[in-house]
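The primary structure of each chain is shown beneath.
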Amino acid sequence: EARTPLASATAAAATATPGKQSSKKAAAAAAEGGGVWDVPLIVRAVQEAEAGPAREAALALLAAVAASDAKGVMDHVLEVSAALAHRAAAAADDPLAQRALEAALSAVVPAWIAGGYGVRAAAAKVVDALPKAPSHRRAPLCAALLRACPAGEGLPHVLLLLLGQIKALEDAAAAAAAKAAKKAAKAAMELGGRVGAALAEQAEEEEDAVAAEGAGRWVMDLSALLLAHETASGAVDALVETMKGAVSEGGRLVWLSAEVTAKHLSSRAFLTAARRETAAAAAEGACALPAADASSPDEERLNESMA
């Protein structure tokens, strides 16, 4: 099989294991007919690679390994989830890196589920990383998670996790945003002069803004956005499962799930999706109706009697 130099180099690095353990791992792999993947080494590359092609290659390698060696990724689930959370929290707004992260997530989550980790546990890893992620990256991360989960199973778990720890998530997001703003203000002050003062003032304004966001309702907004991207029937199914889970857990979660349900079912997004789905069903039903047969036996007898 032909491979690019980058693929060959990354595969060689991933299959290299420390000396004392390499013989045992190699023997086990030979017995099973597979390769030896050093998942911790790949995780380290994901965490420490410089922004740009190197980091994207490390994420692509993690996705490839997850697709071919689910057990290996499952055996290091904590390290892998920490690496993905670390990358999700990266401040750089790089579309290529973001797509690479989402691709890695889409490959890793099925590996976790196939390894018996469970949809809820896999979803919890992503939800726990959301507060440190930039606000504009939270929805794409959740969308990548939902695409990786079995159809119809991901969204109810995500909604229950979001609503069940809404205060903790929003407080954590506010703390992370304030920390980032203070770091930016300190860097601006080190520049000195008018430029430094202007940057420091801007950083303070951003800190106030992100603090207001953290104290706000970003969890509810994210829940509404995820539901808006579902079909009407898919959203209803997800809300029903969410309400069932909320009733089982009890407490404030019941009220929050009811609020999310009421708002979505009365939203323009849901009404539009419902009309579109109804029109599609009606058109499909009309196409399925049998065509009238002008030469049916009854009509032939009627024509003969009239003749």
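Just so it is clear, the model here is predicted, and its values are computed rather than measured.

A few words now on the overall build of the chain. From N to C terminus, the chain includes 17 helices and 0 strands. Here the chain holds 307 residues, and the buried ones make up 38% of them. Taking all contacts inside the chain whose residues are at least 6 apart in sequence as the whole, residues at least 24 apart take part in 71%. Carbon together with sulfur atoms contributes 60% to the accessible area of the chain, which is approximately 17,200 Å² in total.

On to the environment of His264. Structurally, His264 can be placed in helix 15 (residues 252-265). Looking at His264, the relative accessible area reads 6%, which means it is buried. Distance from His264 to Leu225, taken between C-alpha atoms, is 9.5 Å for residues 39 residues apart in sequence. When near neighbours in sequence (up to four residues on either side) are disregarded, His264 contacts Leu227, Ala228, Ala235, Leu239 and Phe270.

With that settled, the discussion passes to the packing of aromatic side chains. Scanning the entire structure with this criterion turns up 0 aromatic pairs. Lying over the aromatic face of Trp218, Arg138 brings its terminal NZ or CZ to 4.1 Å of the ring centre.

Turning to helix 4 (residues 53-68), a few remarks are in order. Relative to the 22 Å expected for 16 residues at 1.5 Å per residue, helix 4 spans 22 Å between its end C-alpha atoms, a close match to the ideal helical length. Of all the positions in helix 4, only Arg55, Glu56, Ala57, Ala58, Leu59, Leu61, Leu62, Ala63, Val65 and Ala66 are classed as buried.

This part takes up the nonpolar core. Grouped together as the largest cluster of nonpolar side chains are 66 residues, with contacts concentrated most on Val80, Leu84, Trp112 and Leu162. If one sorts the elements of this core by residue count, helix 7 (residues 95-114) sits on top with 9 residues. Other than its neighbours up to four places away in sequence, Val80 contacts Val39, Val43, Leu62, Val73, Val108 and Trp112.

The contact between helix 13 (residues 218-228) and helix 15 brings their axes to 11 Å, and the two run at 45°. The orientation of helix 13 relative to helix 15 falls into the category oblique. For the element pair helix 13 and helix 15, the recorded crossing hand is right-handed. Residues Met220, Leu227 and Ala228 of helix 13 form the contact with helix 15, whose own contacting residues are Leu256, Glu259, Val260 and His264. Residue composition of the contact of helix 13 with helix 15, grouped by class: 5 nonpolar, 1 polar and 1 charged.

This next bit is on the pattern of salt bridges. Under the defined criterion, the tally for this structure stands at 6 salt bridges. A single network of salt bridges, built from pairs that share partners, joins Arg217, Glu259 and Lys263.

Its 20 residues give helix 7 an end-to-end C-alpha distance of 29 Å, which sits within 8% of 28 Å, the value for a rise of 1.5 Å per residue. Along helix 7, the positions that sit buried rather than exposed are Ala97, Gln98, Ala100, Leu101, Glu102, Ala104, Leu105, Ala107, Val108, Val109, Ala111 and Trp112. If you follow the buried residues of helix 7, they end up packed against helix 4, helix 5 (70-75), helix 6 (77-88), helix 8 (119-129) and helix 9 (135-148). Directly beyond the C-terminal end of helix 7, a positive phi value near 90° is found at Gly116.

Rules used throughout
- Residues numbered from 1 in each chain as written.
- Predicted model: local features only at pLDDT ≥ 70, side-chain atom pairs only at ≥ 80, totals over all residues.
- Heavy atoms only, no water.
- Helix = DSSP H or I, 4+ residues; strand = E, 2+ residues; numbered from the N terminus.
- Buried < 20%, exposed > 50% of the residue type's maximum accessible area, 1.4 Å probe, protein only.
- Contact = heavy atoms within 4.5 Å.
- Areas by Shrake-Rupley, 256 points an atom, 1.4 Å probe, with all protein chains shown as cover.
- Phe/Tyr/Trp six-rings, centres within 6.5 Å; stacked < 30°, edge-to-face > 60°.
- Lys NZ or Arg CZ within 6 Å of the ring centre and 35° of its normal.
- Expected span 1.5 Å × (residues − 1).
- Core = buried A, V, L, I, M, F, W, Y, C linked by side-chain atoms within 4.5 Å.
- Axes fitted to C-alpha atoms, helices over the stretch in contact; angles between N-to-C directions.
- Parallel < 35°, antiparallel > 145°, perpendicular 65-115°, else oblique.
- Left-handed = near helix turned anticlockwise from the far one by under 90°.
- Nonpolar A, V, L, I, M, F, W, Y, C, P; charged D, E, K, R; others polar.
- Salt bridge = Lys/Arg side-chain N within 4 Å of Asp/Glu carboxyl O.

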